[in-house]
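A structural walkthrough
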Amino acid sequence: MIRSIVRGTGTALPRRVMKNTDFAGVVETSDEWIVQRTGIRQRHIAEPDETTASLGEEAARKALEAAGLTPADIDLIVLATSTPNNTFPATAVEIQQRLGMTHGFAFDMQAVCSGFVYAVNTADLHIRGGMARRALVIGSETFSRLLDWNDRTTCVLFGDGAGAIVLEAAEGEGTLADRGVLAASLRSDGCHRDKLYVDGGPSTTGTVGHLRMEGREVFKHAVSMISDVIETVFDQAGITADDIDWFVPHQANKRIIDASAKKLGIAPEKVVITVDHHGNTSAASVPLALHTAVADGRIKKGDLVLLEAMGGGFTWGAVLLRW
Ligand code: ACO
């Protein structure tokens, strides 16, 4: 059977680093509060010339280079983002143009922080269905543009960045020993819309709007929702937490990550954490963390890797793949 294997990864981060102490004079907060409640120490903030498209392009080019491929080899781009350059056309199409591609097809996927997990699953289905042979799957966000910089309960939590992977069709045996995407579970429930949303949009206010969040409510649901999809993926694959080599969760809050890993019985040394460096970069957080663990040599060929995310909607999902 056809499997979608990862050929390369890449990332892009804005030039400007904003440390917790840089919030002095912006909102009333402290390094101690932010670190203790979230694990975040710094985040990257995009300058005006750095956009979701430019960061996504840079991450995509690096992933292609790591794969030893060029844009000519790609026939599908799926961009996970909630901060597109324009309402339309899709920012994926702009990235396609920036890469010099006039062939293939590209579209955006909007599932907020779960976007990359949704996008990997969507690209995998296109590859296994024969619609594409090689896909660029990108998560790119400029969440700083959505933040209310007077609201200390949200503005300290988020950052900007992008991550990308190249997925390629390969023959597998149809067993757990195959490389590539092995199992996935996606969920959403719009009942939770008001707990995390942006208060603007083209069809309502005609403005971009600002991010609004009931942090405590999100926290309350996060661990059980994350555990739910991961257990579904474990059941699909016939594995337990002990079989996982690396857990690459959405990087929203270290306390949520720690609590989820503990509930699932995933050993702390298998958990990839980058929230301290990047903050919550929404759909970019999983590929940024994934690339970090690939680049530093932790994730190696043959390893079983579990991706997970949860975000606005609510949306949530998990993907299991063998590197
Ligand atoms: N600095 C200092 N004090 C603050 C700050 C801040 N930045 N923000 C809030 N406070 C204060 C509050 O006003 C409150 O004060 P009060 O008791 O006098 O009213 C106090 O700190 C405690 O506030 P809580 O909201 O109860 O703090 P909590 O421990 O819940 O932590 C946090 C808040 C970090 C937002 C937490 O609820 C959380 O992480 N929730 C999940 C959010 C999340 O992960 N969202 C993203 C997931 S989905 C996605 O990625 C899009």
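Residues numbered from 1 in each chain as written. Predicted model: local features only at pLDDT ≥ 70, side-chain atom pairs only at ≥ 80, totals over all residues. Heavy atoms only, no water.

Examining the overall build of the protein chain
Across its full length, the protein chain holds 9 helices and 13 strands. Against the globule reference of 20 Å for 323 residues, the protein chain gives a C-alpha radius of gyration of 18 Å, in line with a compact fold. With respect to the three principal axes, the spread of C-alpha positions in the protein chain is 55 × 45 × 40 Å. A total of 323 residues make up the protein chain; the buried ones form 58% of that total. Considering only intrachain contacts with a sequence separation of at least 6, the fraction spanning at least 24 residues in the protein chain is 76%. A total of about 13,200 Å² of accessible surface is found on the protein chain, and carbon and sulfur atoms cover 50% of it. The centroid of the 32 positive side-chain charges in the protein chain is displaced by 2 Å from the centroid of its 40 negative side-chain charges. (Helix = DSSP H or I, 4+ residues; strand = E, 2+ residues; numbered from the N terminus. Rg over C-alpha atoms; globule rule 2.2 N^0.38 Å. Buried < 20%, exposed > 50% of the residue type's maximum accessible area, 1.4 Å probe, protein only. Contact = heavy atoms within 4.5 Å. Areas by Shrake-Rupley, 256 points an atom, 1.4 Å probe, with all protein chains shown as cover. Lys, Arg positive; Asp, Glu negative; His and termini not counted. Charge placed at Lys NZ, Arg CZ, Asp CG, Glu CD.)

Things to note about the domain arrangement of the protein chain
Each assigned domain of the protein chain is listed with its residue range as follows: domain 1 (2–171) and domain 2 (180–322). Just the C-alpha atoms count here: the centres of domain 1 and domain 2 sit 14 Å apart. On the domain 2 side, the residues contacting the 50 residues of domain 1 number 48 residues. With both sides pooled, the region where domain 1 packs onto domain 2 buries about 3,800 Å², and carbon together with sulfur makes up 66% of that total. Interface area lost by domain 1 to domain 2 is led by Cys113, Val117 and Leu146, which between them contribute 17%. Taken together, the links from domain 1 to domain 2 amount to 20 residue pairs in polar contact (both at pLDDT 80 or more). (Domains from an automatic or database assignment. Buried area = accessible area lost by both parts, 1.4 Å probe. Polar contact = N/O pair within 3.5 Å; in protein donor to acceptor, adjacent residues only side chain to side chain.)

Some details on the packing of helix H6 (residues 215–237) against helix H7 (residues 254–264)
The interhelical angle for the contact between H6 and H7, taken along N-to-C directions, is 40°, at an axis separation of 9 Å. On the basis of their axis angle, the class for H6 and H7 is oblique. In terms of crossing hand, the pair formed by H6 and H7 is right-handed. Mapping the contact onto sequence places Phe219, Ala222, Val223, Ser224, Ile226, Ser227, Ile230 and Glu231 in H6 and Arg255, Ile256, Ala259, Ser260, Lys263 and Leu264 in H7. Residue classes in the contact of H6 with H7 are distributed as 8 nonpolar, 3 polar and 3 charged. (Axes fitted to C-alpha atoms, helices over the stretch in contact; angles between N-to-C directions. Parallel < 35°, antiparallel > 145°, perpendicular 65-115°, else oblique. Left-handed = near helix turned anticlockwise from the far one by under 90°. Nonpolar A, V, L, I, M, F, W, Y, C, P; charged D, E, K, R; others polar.)

Some thoughts on the site of the ligand
Near the ligand there are 24 residues, and of these Arg37, Cys113, Arg216, Asn253 and Asn280 occur at the shortest range. A distance of 2.6 Å is found between a nitrogen atom of the ligand and a side-chain nitrogen or oxygen belonging to Thr29. Within the contact set of the ligand, an oxygen atom lies 2.5 Å away from a side-chain nitrogen or oxygen of Arg216. Contact with the protein chains covers 77% of the free accessible surface of the ligand, which is 1,000 Å². Listed by contribution, the elements that provide at least two residues to the shell around the ligand are helix H1 (31–38), helix H5 (152–155), H6, H7 and strand E12 (304–311). The biggest single contributor to the shell around the ligand is H6, with 4 residues. Taken domain by domain, the shell around the ligand gets at least three of its residues from each of domain 1 (2–171) and domain 2 (180–322). (Near = heavy atom within 4 Å.)

Some points on H6
Its 23 residues place the ends of H6 33 Å apart at the C-alpha level, agreeing with the 33 Å of an ideal helix rising 1.5 Å per residue. At Ala222, H6 shows its largest kink, close to 35°. Listed in full, the buried residues belonging to H6 are Val218, His221, Ala222, Val223, Met225, Ile226, Ser227, Val229, Ile230, Val233, Phe234 and Ala237. Once H6 finishes, Gly238 follows within two positions and takes phi at roughly 70°, a positive value. (Expected span 1.5 Å × (residues − 1). Bend = angle between axes of the 7 residues up to and from the residue.)

Section: the packing of aromatic side chains
Scanning the entire structure with this criterion turns up 3 aromatic pairs. A ring pair is formed by Phe105 and Phe107, whose centres lie 6.3 Å apart and whose planes are at 25°; its orientation type is stacked. With a relative accessible area of 22%, Phe107 lands in the partly exposed category. (Phe/Tyr/Trp six-rings, centres within 6.5 Å; stacked < 30°, edge-to-face > 60°.)

Here we look at the nonpolar core
Burial of nonpolar side chains together is a common tendency in soluble globular proteins. In terms of nonpolar packing, the biggest core is built from 47 residues, with Ile230, Ile266, Leu306, Met310 and Leu320 touching the most fellow members. Secondary structure elements with two or more residues in this core: strand E8 (180–188), H6, H7, E12 and strand E13 (315–322). Shared between two domains, this core takes at least three residues from each, and those domains are domain 1 (2–171) and domain 2 (180–322). When sequence neighbours within four positions are dropped, the list of residues in contact with Ile230 reads Phe247, Leu264, Leu306, Glu308 and Ala318. In this structure, Ala119, Ala132, Trp246 and Trp323 belong to the second largest nonpolar core, which totals 36 residues. (Core = buried A, V, L, I, M, F, W, Y, C linked by side-chain atoms within 4.5 Å.)

A word on the state of the cysteines
Enumeration over the complete set of coordinates arrives at 0 disulfides. Cys113 supplies the cysteine sulfur nearest to Cys155, a cysteine that is in no disulfide, at a spacing of 16 Å. (Disulfide = S-S within 2.5 Å.)

Here's the deal with unusual backbone geometry
Of the consecutive residues Phe88 and Pro89, the connecting peptide bond is found in the cis state with omega at 5°. One can find Pro89 in the loop between strand E4 (76–80) and helix H3 (91–98). Cis geometry marks the peptide bond from Gly313 to Phe314; its omega dihedral reads -5°. Its place among the elements puts Phe314 in the loop between E12 and E13. One non-glycine residue, Val112, lies in positive phi territory at about 50°. Among the secondary structure elements, Val112 is positioned in the loop between strand E5 (105–109) and helix H4 (115–128).

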